Amino acid sequence: MSLKNDILFELLKRENYISGQELAEKFGKSRAAVWKAVQNLIKDGYEIDAVTNKGYRLTENNDTISARKIKLNLKEKIDVFYYPSVDSTNNCCKRLLADSKQGVFLVTADSQTAGRGRQGKSFYSPALTGVYFSLVIRPHSSLQNAVTATTAAAVAVCRAIEKLTDRKPKIKWVNDVYLDGKKICGILTEAITNFEEGTVDSVIIGIGINIKTIDFPDDVENAGTLGEKISRSRLIAEVTNELLSIAESDYNSFIDYYRSHSFVIGEQIKIIQNGRVTPATAVAIDETGGLEVELDSGEHKVLRSGEISIRKI
């Protein structure tokens with residue numbers, strides 16, 4: 001990690017002040033380098049008390065994320081890993097799995113430098129304004145593949161938001177969560193396969209939610225924000241609780257909820273697959289989360305993958 005992230009991680013672990021000299025000695029840097037790193041954290045939006053002869057401390061105004069805060073709100077005991085910044089939480093999970101990490105576990109970060117979405121798209125992940133996390137589950141659960149896990153994740157996000165706020169989010173097939181016509185959440189699910197045995201070893205469910213992100217890059221289209229004052233650690237924990245609960249039940253326990261929160265049924269859509277665009281009408285969600293569509297020719301088919309957009313009439 002960079003010195004800035006090292007210092008942030010250290011401040012998150014402490015309730016009292018830590019001196020610039022102690023930080024300099026801990027990380028083998030000069031006090032001037034520590035001061036510069038702290039100033040960069042302040043520019044990033046972190047509120048830090050700097051008191052002569054005491055040092056630095058995060059103020060109570062910071063809605064910080066920590067493994068401890070998340071664990072306090074989890075219903076099950078699982079390992080939680082927090083990082084100030086990573087390339088992507090899904091990639092971090094892959095590295096942990098490659099290092100023989102076992103069991104169910106959660107990885108979260110304050111920001112991502114290379115957050116990823118479906119279809120090779122990026123996911124804008126600035127510090128302090130959203131949550132970015134990935135849950136690794138094992139194939140003995142009902143979420144044995146990327147399709148069912150993605151459907152379940154959308155349900156988990158909506159249920160958690162409804163529990164913690166008065167907002168009523170909707171789902172755009174298959175994996176985006178919308179509020180007031182804007183995308184506030186993206187989900188990227190990846191199955192890790194044992195090639196020798198031809199089986200799925202684990203499923204990584206990556207989730208990013210915009211909580212108060214306002215300024216988006218020009219290439220990010222139709223993005224919105226939850227716009228609620230909400231504990232980020234609590235939201236991560238509640239989504240995780242919902243996902244783990246679904247994983248211990250069957251598909252029927254959440255597919256009706258998924259259907260009731262879909263805003264594409266009955267809409268004219270464009271199907272985007274392998275660079276081809278096909279007009280159709282969304283008819284229904286089937287028993288395993290597939291989108292039943294009617295093509296303009298009258299032919300009916302069920303989509304298991306791909307991307308859709310709503311057609312403007």
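In short, a report on the structure. (Residues numbered from 1 in each chain as written. Predicted model: local features only at pLDDT ≥ 70, side-chain atom pairs only at ≥ 80, totals over all residues. Heavy atoms only, no water.)

**So, unusual backbone geometry**
A positive phi angle, near 75 degrees, is found at Ser100, a position not held by glycine. Position of Ser100 among the secondary structure elements: in the loop between α5 (89-98) and β4 (105-112). Even without being a glycine, Asn222 presents a positive backbone phi close to 55 degrees. Summarising the element assignment, Asn222 is placed in the loop between β9 (199-210) and α7 (232-247). On the basis of relative accessible area, Asn222 is assigned to the partly exposed category, the value being 34%. (Helix = DSSP H or I, 4+ residues; strand = E, 2+ residues; numbered from the N terminus. Buried < 20%, exposed > 50% of the residue type's maximum accessible area, 1.4 Å probe, protein only.)

**Things to note about helix α8 (residues 252-260)**
All of the buried residues in α8 are Phe254, Ile255, Tyr257 and Tyr258. Seen end-on, α8 carries its buried residues on one side only, within an arc spanning 165 degrees. Looking at α8, the residues exposed on the side facing more than 90 degrees away from the buried face are Asn252 and Asp256. (Arc of directions from axis to C-beta.)

**Quick notes on the pattern of salt bridges**
Scanning the entire structure with this criterion turns up 18 salt bridges. Between Asp79 and Lys101 there is a salt bridge, with the nearest N and O atoms lying 2.3 Å from each other. Placement of Asp79 in strand β3 (residues 79-86) and of Lys101 in the loop between α5 and β4 is noted, with a sequence separation of 22 residues between them. Owing to a relative accessible area of 35%, Asp79 belongs among the partly exposed residues under this scheme. (Salt bridge = Lys/Arg side-chain N within 4 Å of Asp/Glu carboxyl O.)

**Some thoughts on the environment of Tyr251**
Its place among the elements puts Tyr251 in the loop between α7 and α8. Considered as a pair, Tyr251 and Asp110 are 141 residues apart in the sequence and their alpha carbons are 32 Å apart.

**A closer look at the packing of aromatic side chains**
Evaluation of the coordinates by the stated rule reveals 5 aromatic pairs. With 5.8 Å between their ring centres and 55 degrees between their planes, Phe9 and Tyr82 make a pair best called tilted. Separated by 73 residues along the polypeptide, Phe9 in helix α1 (residues 3-13) and Tyr82 in strand β3 bring together distant segments of the chain. On the basis of relative accessible area, Phe9 is assigned to the partly exposed category, the value being 28%. The exposure class of Tyr82 is buried, given its relative accessible area of 5%. (Phe/Tyr/Trp six-rings, centres within 6.5 Å; stacked < 30°, edge-to-face > 60°.)

**Some details on the nonpolar core**
Counting 77 residues, the largest nonpolar core has Ile207 and Leu291 as its most contacted members. Broken down by element, this core gets its largest block of residues, 10 residues, from helix α6 (residues 146-164). Leave out the neighbours within four places in its chain, and Ile207 touches Val131, Tyr132, Phe133, Ala153, Val157, Cys185, Gly186, Ile187, Val239 and Leu243. (Core = buried A, V, L, I, M, F, W, Y, C linked by side-chain atoms within 4.5 Å. Contact = heavy atoms within 4.5 Å.)

**Description of the sheet that holds strand β10 (residues 268-273)**
Ordered by their spatial adjacency, 5 strands build an open sheet running β13-β12-β11-β10-β14, and the pairing between neighbours is antiparallel. Looking at the sheet topology across the chains shown, the edges are occupied by β13 (300-303) and β14 (307-310). Taken over all neighbouring pairs, the strand axes of this sheet differ in orientation by 45 degrees on average, direction set aside. In terms of strand pairing, strand β12 (residues 291-295) meets β13 through 4 bridges, oriented antiparallel. Directly across from Leu291, in β13, lies its bridge partner Leu303. (Pairing = 2+ DSSP bridges. Axes fitted to C-alpha atoms, helices over the stretch in contact; angles between N-to-C directions.)

**Some details on the pairing of β10**
Here 6 bridges tie β10 to strand β11 (residues 276-285), and the two strands are oriented antiparallel to one another. Note that in β11 the partner of Ile271 across the bridge is Thr278. Connecting the antiparallel pair β10 and β11 is a turn made up of 2 residues, with Asn274 showing a positive phi of about 55 degrees. Two elements, β10 and β14, share 4 bridges in a ladder whose sense is antiparallel. Residue pairing for β14: Ile271 is matched across the bridge by Ile308.

**A few points about the packing of α1 against helix α3 (residues 31-43)**
Where α1 meets α3, the axes come as close as 9 Å, and the angle between the chain directions of the two elements is 75 degrees. When the axis of α1 is compared with that of α3, the two are roughly perpendicular. Two secondary-structure elements touch here, α1 through Leu3, Lys4, Ile7 and Leu8 and α3 through Ala33, Val34, Ala37, Val38, Asn40 and Leu41. By residue class, the composition of the contact of α1 with α3 is 8 nonpolar, 1 polar and 1 charged. (Parallel < 35°, antiparallel > 145°, perpendicular 65-115°, else oblique. Nonpolar A, V, L, I, M, F, W, Y, C, P; charged D, E, K, R; others polar.)

**Structural notes on the side chain of Glu10**
Tracing the sequence through the fold places Glu10 in helix α1. The contact partners of Glu10, leaving out residues within four places of it in the chain, are Ile18, Leu23, Lys26 and Phe27.

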